[in-house]
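Given next are the chains, with one letter for each unit.
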Amino acid sequence: MASVLVCSMAVRQLTPELEERAKQELGEDPARRQEDINAIKTWLSKQGHLNANTEDQWILTFLRGCKFSLERTKEKIDSYYTFRTLLPEFFTNRDPMLPEMQEILNLGICFPLPHPDPKGRKIFLMRVGNYDPSKIKLQDIMKLNYINMDITLREDDRPIICGDVLIMDMRGVTLGHLAQVQPSLLKRASTVYQDAYPVRPQGMHYVYAPSSFESILGLIKSFMKEKLRKRLSVHGNNIDNLYKEIPQKCLPTEYGGEAGSIAELAAAWKTKVESHRDWLLADEQRRSDEKKRPGRPKSSDAIFGVEGSFRKLDFD
């Protein structure tokens with residue numbers, strides 16, 4: 001019998017608008033929804049290597065992210081908990097009160113904006129040049145980004161149904177920042193995002209990118225699936241191009257918007273993350289036990305390649 005945290009709860013009621021979009025875009029059938037959830041719970045009960053969250057709402061999130069394909073849902077759930085075991089640099093020590101997490105939260109490096117765009121999509125902002133690379137590790141920023149995603153998945157149905165967009169503000173990026181963007185780290189982060197999270201990425205927008213960024217843009221794209229590559233846009237210093245995709249009013253005041261200042265938004269999100277501390281600490285136990293996996297255990301080398309197979313990037 002699997003080691004699972006058996007917990008069931010009624011799923012959140014959707015607004016009529018979201019209910020209709022879930023039907024049209026995801027193939028969600030309210031009459032069959034509980035049957036699909038129960039099918040995944042039954043499957044999980046037989047996965048002795050997975051210590052998984054079995055709340056109805058959490059399972060439903062994965063079903064929606066996989067457009068209610070039971071087999072794709074099983075694969076994604078297995079990957080989600082497997083990567084938590086294989087990538088401790090991202091999925092252990094997730095206490096938001098740790099000094100390194102507090103520093104990143106205080107700087108407001110990455111957080112979701114409070115209001116969706118007119119298409120209903122969740123907007124995530126990442127200010128990748130807004131830290132000292134001699135003091136903060138990029139992998140810790142990625143760790144917080146996955147925490148942000150987990151909290152969003154837990155609380156908000158809209159991004160799973162309508163999708164999300166990411167704004168990458170490259171102002172302040174130096175060679176020190178770029179030196180942290182090593183191929184092995186990029187591959188691990190990209191694989192987790194694309195193969196383990198039940199998300200619907202609708203766009204990635206790079207703004208204020210320095211000329212030196214071109215040297216790694218091709219590398220970033222090489223780890224993306226074709227669909228995501230087509231949704232990547234580099235706007236340079238022309239913020240007006242971003243407004244064509246994401247209306248100004250949805251953005252922080254520093255970008256000419258009406259959503260509030262970055263300081264206010266980052267502080268509010270920091271409070272939100274800290275309020276999930278107990279859940280995050282308990283959630284760290286949810287992962288795979290590869291010693292119990294039927295057949296061949298999965299390993300980091302087998303999935304991501306040997307670390308040494310990538311040459312370190314150097315920037316002049």
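Residues numbered from 1 in each chain as written. Predicted model: local features only at pLDDT ≥ 70, side-chain atom pairs only at ≥ 80, totals over all residues. Heavy atoms only, no water.

This paragraph deals with the pairing of strand β3 (residues 164-169). Looking down a regular strand, the side chains alternate between one sheet face and the other. With respect to burial, β3 is a largely interior element, six of its six residues being buried. Burial of β3 is two-sided: the residues Asp 164, Leu 166 and Met 168 facing one way and the residues Val 165, Ile 167 and Asp 169 facing the other way are all buried. One ladder, built from six bridges, connects strand β2 (residues 122-127) with β3; its direction is parallel. For Lys 122, the partnering residue across the bridge sits in β3 and is Asp 164. Two strands pair when backbone bridges link them, and β3 and strand β4 (residues 201-207) are joined in this way by six bridges, in the parallel orientation. The residue bridging Ile 167 from the neighbouring strand is His 205, located in β4. (Buried < 20%, exposed > 50% of the residue type's maximum accessible area, 1.4 Å probe, protein only. Helix = DSSP H or I, 4+ residues; strand = E, 2+ residues; numbered from the N terminus. Pairing = 2+ DSSP bridges.)

Relative to each other, helix α7 (residues 138-155) and helix α10 (residues 183-195) sit at 5°, their axes nearing to 11 Å. On the basis of their axis angle, the class for α7 and α10 is roughly parallel. When α7 is examined against α10, the residues Leu 138, Gln 139, Met 142, Tyr 146 and Met 149 are found in contact with a partner set consisting of Leu 185, Ala 189, Val 192 and Tyr 193. Looking at the contact of α7 with α10 residue by residue, the classes come out as eight nonpolar, one polar and no charged. (Axes fitted to C-alpha atoms, helices over the stretch in contact; angles between N-to-C directions. Parallel < 35°, antiparallel > 145°, perpendicular 65-115°, else oblique. Contact = heavy atoms within 4.5 Å. Nonpolar A, V, L, I, M, F, W, Y, C, P; charged D, E, K, R; others polar.)

The next subject is the pattern of salt bridges. Following the criterion strictly, the structure yields 29 salt bridges and no others. Between Arg 84 and Asp 150 there is a salt bridge, with its nearest N and O atoms 3.6 Å apart. Within this pair, whereas Arg 84 is found in helix α4 (residues 70-86), its partner Asp 150 is found in helix α7, the two being separated by 66 residues in sequence. Take Asp 150: its relative accessible area is 0%, and that puts it in the buried class. Put simply, Arg 94 and Asp 150 hold a salt bridge, and the shortest N to O gap is 2.5 Å. One end of the pair, Arg 94, is in the loop between α5 (88-91) and α6 (99-107); the other, Asp 150, is in helix α7, with 56 residues separating them in the sequence. On the accessibility criterion, Arg 94 (0% relative accessible area) is buried. If you follow the salt bridges from partner to partner, you end up with Arg 12, Glu 19, Glu 28, Arg 33, Arg 64 and Asp 157 in one network. (Salt bridge = Lys/Arg side-chain N within 4 Å of Asp/Glu carboxyl O.)

Here we come to the UniProt feature "domain: CRAL-TRIO" (unreviewed entry) in the protein. Cross-referencing UniProt, the feature "domain: CRAL-TRIO" (unreviewed entry) maps to residues 94-263 in the present numbering. Between the C-alpha atoms that bound residues 94-263 the distance is 23 Å, and the span itself is 41% helix and 16% strand. (UniProt positions renumbered as here; feature names shortened; annotations may be inferred.)

Helix length check: helix α14 (residues 262-275), at 14 residues, gives a terminal C-alpha distance of 20 Å against a target of 20 Å (1.5 Å per residue), a fit within 8%. Along α14, the residues classified as buried are Ile 262, Leu 265, Ala 266, Trp 269, Lys 270 and Val 273. Buried residues of α14, viewed axially, fall in a sector of 140°; they line one side. Exposed side chains of α14 directed beyond 90 degrees from the buried face belong to Ala 263, Glu 264, Thr 271 and Ser 275. Buried positions along α14 lie against α6, β1 (110-112), β2, α7 and α15 (277-283). (Expected span 1.5 Å × (residues − 1). Arc of directions from axis to C-beta.)

Attention now goes to the layout of surface pockets. Approximately 570 Å³ is the volume attributed to the largest pocket. Every residue lining the largest pocket is counted, 21 residues in all, and those nearest its centre are Arg 72, Lys 76, Gln 194, Val 199 and Lys 227. At the level of elements, α3 (56-65), α4, α10, β4 and α12 (226-229) are the ones that each hand at least two residues to the lining of the largest pocket. The element best represented in the lining of the largest pocket is α4, accounting for four residues. When its residues are assigned to classes, the lining of the largest pocket shows seven nonpolar, four polar and ten charged. When its volume is computed, the second largest pocket comes out at roughly 190 Å³. For the second largest pocket, the full set of lining residues is Pro 112, Leu 113, Pro 114, Lys 122, Ile 151, Thr 152, Glu 155, Asp 156, Leu 265, Ala 268, Trp 269 and Lys 272. Going through the elements one at a time, α7 and α14 are the ones with two or more residues in the lining of the second largest pocket. (1 Å grid on protein atoms, 1.4 Å probe; cavity = no way out; pocket = protein on both sides within 12 Å on 5 of 7 lines; lining within 4 Å. Points joined across faces, edges and corners; volume = space filled by probe spheres on them.)

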